Each structure stands twice: as structure tokens, then as C-alpha cells.
Protein chains: 2
Amino acid sequence: MTEAPALHRGARSRDAILDTAGELMSLHGYAATSISMISTACGLPVSSIYWHFGSKDGIYVAVLERARTALLAALPPAEVPGADVRQRLDTFLGDLAGALRHHPRGVKLLLGLGTVQKDASAAALTEVRRYRDALVAWARDSVSSVFALHDRPEVADELARFTLRMTTGTAVARWFEPDAVLETEPLRVALLALAAHHGVGVRVSGGRGAES
Amino acid sequence: MTEAPALHRGARSRDAILDTAGELMSLHGYAATSISMISTACGLPVSSIYWHFGSKDGIYVAVLERARTALLAALPPAEVPGADVRQRLDTFLGDLAGALRHHPRGVKLLLGLGTVQKDASAAALTEVRRYRDALVAWARDSVSSVFALHDRPEVADELARFTLRMTTGTAVARWFEPDAVLETEPLRVALLALAAHHGVGVRVSGGRGAES
DNA sequence: GTCTATATGATGATAGAC
DNA sequence: GTCTATCATCATATAGAC
């Protein structure tokens, strides 16, 4: 058991460090998470952590990168399946709520670490932004697919921003009331109304037209 | 000039410390803001800071308390004036956007410090929660006034949650894109649609009925 | 109330044996 | 790759003159 090949030992240790570092940092924030906290929490000595990541900043970047790839892998494809708008919208919102529910750390990492402007360096800021941009792009593509907005990019942008901000707000609400969830029902109503407001037809059964 | 009465000197120093502490903490977060940073930024020695607030936690609580009262004073009264729903809604959203625009620190303090679960102690957590509760109550009362929902508290709660989460999401978006604003237009459309969805009539001119 | 000076501990980071 | 031992620095917090 303890005689596992060294190569595997290294990879497993790296993963263990990232696991506990991600958990602690998403809980306490970057600055409040010390290397020794990570060390005692994951059992590996401080110097091993430094051997793997070089610096605290390096841990942070690695944690973010991993959270990003994990969340993006968990998100449903941007090409939302479904016959009509309402069907696709339900699928999209359900998947979004599910991702938020099952990956609370991912979002909280972005949020709790968004305050990192002093400690973290260029590489970390780049990684934070990359994470954020990936989410924005995914939301835009998904919304565009749901409402068939390929020829109305500005409408897709607005709906995506709207959705993403509501999701972010919910993630924040969650650290005050841990059982808060993304309320898909109001969001569904709102998005349909917004689409209609921009003249994007929905009319599947007794649908009402646009406003202006 | 330097001979101002000692009593005034003390109060002014207290304010100066709170000013810079609030700014630094909203920028870097609680943990990343050190006493010496505050000291050099506001010119007063470390021991003066301790004389006024006793501990770092004490500074934090005072900063939060001050941000709360400042924000609540800046928020418009919960009894929104206006003849009809649309008029009141416009007033409400305009005021909300204005408060968010002019008091970015207030919200960011709540957010950037929401990660404070390890360092800050009971008093600080209480103050954070008090801050948050005040915002929630204000939003609920305002929305209730706008849509005349005094007999539909659960609808008022939902609309208030919706509004507040969108506002929070926007505040977060702001530390990625500093020029992000609360988009009142989509929010207006969404809230009207949500109200209608719950059977709350708006119909002022060509209004459409509820969905179900 | 404000200052200088300082105690005590924790932090990020490294050296070097194995 | 992992360990023990250690350094220099910075943190919070205090003492005591003025």
C-alpha cells in the first residue's frame, strides 16, 4: 500500500493538496488560508507543497485552473437540445441549477477570491479572468441556443448577463443561507418576458407577442 | 490648526481610521488588510488604532456598522411614491441603481467579507448578518410598496429576493468589469412579468393578464 | 489621545538529509 | 518526492512616556 510507485505517489499528493487547498480557500478566502493550514489538513509537510507548487500563488493558480476545468466539464453543452424554446429553456435552467448545486465551491472560489488584488499576482489574476470569461462564454452560447438568437447577438448578451448575474447573486446568497437554491421558476418567467420584450417570438401555445 | 480640542481630534481620528480601513478592507478583504497597512495609509500610529477599536475584529465590526448605516441612509424610503405600479417601479429601480452606483464599497464590504468565517468572531458575524438582514427587509418593503403586495407577502418575498440577487450579481460583476451597472431596463421587464405571473395586476395601458 | 518601542507568535519560504 | 529543521519577515497586540 505504501509502496505505490513514486510517480503515482506524486500525482496523488498533488491532487490531495489541491483538494484541501481548494476547500480551505473557498471557505476562508485566499489570504486567510495559510500553507500550514493546508499542510496539517492534508497531512503532507509544508515543503512538499512547495515542491509541487513553488509558492502560495502557485497553489492558488492551480486550484483555480482545476476548478475551472471541473466546472466547465460539469456544465451541459452550450448547444441545448429540445424542440421548442420552452423545452430548451427548462433543460438549460435545470442544468444550470444542478451545476450550481453540485459545484458550490467552483463559484465561491471565483467570488471569495475576487478580492485578491493585492496578494495574488499576474498569473492568478489571469486565471481568475479566464475562469470568468469561460462562464460568460458558456452562458452566452447556451442562451443563444435556447432562444435561437444567432442573428441577435446583443439580445443573447443581455439574456446571458441577466442569467449569470442572477446565478452569481444566488451563489452569494448561499453563504448567508446555505440552503438557498437557484430559483429556476422566476428566472424562467423573467427570461421569457425579456425575450418577448426584444421581439423574440416564443408563441408555442397561446403565446403573447412582443411589447413594442 | 494642530491645536484642535482633544475631544474633536479623537472623533476625527476615529473617522479617519474607519475611512481608510473600510476602503482597504473592501479592496483587499479582511484577512489581507493588516493593521500596519491601515496605520500607514491614514497616518496614525498602530497603537492609536488599538486605543480606538481594541482589536482588528473591533475595526471590522465598526467598519461594517458604519457601512450599514451609511447605505441604509442612502437608500430611498421603503414607501415608494408614485401613482401607479410602473411609476413606482421606475422610481424604485432608479434609486436602487443609484445607491449601488454611489455606494459600491457598501456592497463589496458585505461580499468581500462574506468569506470571513475563520478570522472574524461572533460580533463580526452578527454585524454582517444584521447588515444583510437590513438590506433584505428594505427590499421586501420596497417591492411590497411598489406592487401593493401587502396581502401577498410570499410574492413580495420572491420579488425582493429576485431583485436583491440581481443587484448582488451586478455588484460582483463590477469587480471584473468596473463599469458594470445595474441594468434597470431588463430588471423592470422581469419584475413586471413576475408580478403578472403571480396574478398581480398591472394593466395601466394595454396590460396583459397573468399566465395561468 | 498620540507617540516610540517592543514582545510574541505565525507566516511564506528554503536547506539539506534521506 | 518526502521529511525535519530553520530563517527572515510580518502579523497582532501591548507598555509606557508624553
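Residues numbered from 1 in each chain as written. Chains lettered and ligands numbered in written order. Predicted model: local features only at pLDDT ≥ 70, side-chain atom pairs only at ≥ 80, totals over all residues. Heavy atoms only, no water.

Chemist: Looking at this model, I keep getting lost on the overall build of chain A. Mind explaining?
Modeler: The helix and strand tally for chain A stands at 9 helices and 0 strands. Shown N-terminal to C-terminal, the secondary structure of chain A runs as helices and strands in the order α-α-α-α-α-α-α-α-α. Expressed as a percentage of the 212 residues in chain A, the buried residues total 51%. Put simply, 71% of the contacts in chain A that link residues at least 6 apart link residues at least 24 apart. (Helix = DSSP H or I, 4+ residues; strand = E, 2+ residues; numbered from the N terminus. Buried < 20%, exposed > 50% of the residue type's maximum accessible area, 1.4 Å probe, protein only. Contact = heavy atoms within 4.5 Å.)

Chemist: Can you help me understand the interface of chain B and chain A in this one?
Modeler: Where interface size is quoted, it is often the accessible area lost as the parts come together. Contact residues are listed per partner, giving 45 residues for chain B and 47 residues for chain A. Where Arg161(B) meets Glu183(A), a salt bridge forms, and the shortest distance between an N and an O atom there is 2.5 Å. Here chain B and chain A share 8 residue pairs in polar contact (both at pLDDT 80 or more) between them. Put simply, the parts of the chain that give the side of chain B that touches chain A at least two residues each are α1 (6–28), α6 (104–112), α7 (122–146), α8 (153–173) and α9 (184–197) of chain B. (Salt bridge = Lys/Arg side-chain N within 4 Å of Asp/Glu carboxyl O. Polar contact = N/O pair within 3.5 Å; in protein donor to acceptor, adjacent residues only side chain to side chain.)

Chemist: Got a minute to help me understand unusual backbone geometry in this structure?
Modeler: Despite not being glycine, Ala148(A) has its phi angle at roughly 55°, a positive value. Take Ala148(A): it is sitting in the loop between α7 (122–146) and α8 (153–173).

Chemist: Sorry, what's going on with the packing of aromatic side chains here?
Modeler: The geometry of an aromatic ring pair comes down to the distance between the two centres and the angle between the two planes. Throughout the structure, instances matching the rule amount to 5 aromatic pairs over all chains. With centroids separated by 5.6 Å and ring planes inclined at 40°, the aromatic side chains of Phe92(A) and Trp138(A) adopt a geometry described as tilted. A residue pair is termed long-range when its members are at least 10 positions apart, and Phe92(A) in helix α5 (residues 85–102) and Trp138(A) in helix α7 qualify at 46 residues. In this structure, Phe92(A) and Trp138(A) share a single accessibility class: buried. Measuring from centroid to centroid gives 4.8 Å for Tyr30(B) and Tyr60(B), while their planes differ by 40°, and the two rings are tilted. Of this pair, Tyr30(B) sits in the loop between α1 and α2 (35–42) while Tyr60(B) is found in helix α4 (residues 56–74), placing the two residues 30 residues apart along the sequence. As far as the burial class goes, Tyr30(B) and Tyr60(B) line up, both buried. Positioned above the aromatic ring of Tyr30(A) is the side chain of Lys56(A), whose terminal nitrogen or guanidinium carbon lies 4.6 Å from the ring centre. (Phe/Tyr/Trp six-rings, centres within 6.5 Å; stacked < 30°, edge-to-face > 60°. Lys NZ or Arg CZ within 6 Å of the ring centre and 35° of its normal.)

Chemist: Sorry if this is basic, but what is going on with the relation of the copies chain B and chain A here?
Modeler: Between the two copies of the chain lies a rotation about an axis combined with a shift along it. With an axial shift of 0.0 Å and an RMSD of 0.0 Å, the rotation relating chain B to chain A amounts to 180°. Taken together, the rotation angle and the small translation identify this as a two-fold axis. Of all interface residues in chain B, 100% are interface residues in chain A too; the two copies therefore contact each other through one and the same surface. (Least-squares fit on C-alpha atoms with pLDDT ≥ 70 in both.)

Chemist: Hey, could you run me through the protein's contact with DNA strand C in this one?
Modeler: Not every one of the 17 residues close to DNA strand C is listed here, only the nearest: Ile35(A), Tyr50(A), Ser13(B), Pro45(B) and Ser47(B). Among the atoms of DNA strand C lying within 4 Å of the protein, the sugar-phosphate backbone contributes 65%. Between DNA strand C and Ser36(A), the relevant distance is 3.2 Å, taken from a phosphate oxygen to a side-chain nitrogen or oxygen of the residue. Counting only elements with at least two residues in the surface near DNA strand C, the list comes to α2 (35–42) and α3 (46–53) of chain A together with α1 and α3 (46–53) of chain B. Take the surface near DNA strand C: its biggest share by element is 4 residues, from α3(B). Across the surface near DNA strand C, the residue classes break down as 5 nonpolar, 10 polar and 2 charged. (Near = heavy atom within 4 Å. Nonpolar A, V, L, I, M, F, W, Y, C, P; charged D, E, K, R; others polar.)

Chemist: Help me understand the protein's contact with DNA strand D in this model?
Modeler: Not every one of the 17 residues close to DNA strand D is listed here, only the nearest: Ser13(A), Pro45(A), Ser47(A), Tyr50(B) and Lys56(B). Considering the 4 Å shell around the protein, atoms of DNA strand D inside it are sugar or phosphate in 67% of instances. Within the side chain of Ser34(B), a nitrogen or oxygen atom sits 3.2 Å from a phosphate oxygen of DNA strand D. Broken down by secondary-structure element, the contributors of at least two residues to the surface near DNA strand D are α1 (6–28) and α3 of chain A together with α2 and α3 of chain B. Element by element, the count of residues in the surface near DNA strand D is highest for α3(A), at 4 residues. Looking at the surface near DNA strand D residue by residue, the classes come out as 5 nonpolar, 10 polar and 2 charged.

Chemist: Would you take a moment to explain the nonpolar core for this structure?
Modeler: The tendency in soluble globular proteins is for nonpolar side chains to be buried side by side. Counting residues in hydrophobic clusters, the biggest one holds 128 residues, and the most contacted among them are Phe147(A) and Phe147(B). With residues near it in sequence (within four places) discarded, Phe147(B) still touches Val85(B), Leu89(B), Leu159(B), Leu191(B), Leu192(B), Ala195(B) and Val200(B). (Core = buried A, V, L, I, M, F, W, Y, C linked by side-chain atoms within 4.5 Å.)

Chemist: Explanation requested: the pattern of salt bridges in the structure shown.
Modeler: Close approach of charged atoms allows side chains with opposite charge to pair. Under the counting rule described, the total for this entry stands at 26 salt bridges over all chains. Between Arg132(B) and Glu177(A) there is a salt bridge, with the nearest N and O atoms lying 2.7 Å from each other. Of this pair, Arg132(B) sits in helix α7 while Glu177(A) sits in the loop between α8 and α9 (184–197), each in a different chain. Through salt bridges with shared partners, a single network forms among Asp15(A), Asp19(A) and Arg66(A).

Chemist: Any chance you could explain the UniProt feature "DNA-binding region" (unreviewed entry) in chain A here in plain terms?
Modeler: The feature "DNA-binding region" (unreviewed entry), as given by UniProt, occupies residues 34–53 of chain A in the numbering adopted here. From the first C-alpha to the last, residues 34–53 of chain A spans 14 Å; its make-up is 80% helix and 0% strand. (UniProt positions renumbered as here; feature names shortened; annotations may be inferred.)

Chemist: Honestly, α2(A) in this entry has me stumped. Any pointers?
Modeler: Given 3.6 residues per turn, any residue in an α-helix points the same way as the ones three and four places further on. The set of residues buried in α2(A) consists of Ile35(A), Met37(A), Ile38(A), Ser39(A) and Cys42(A). At the C-terminal side of α2(A), Gly43(A) shows a positive phi close to 90°.

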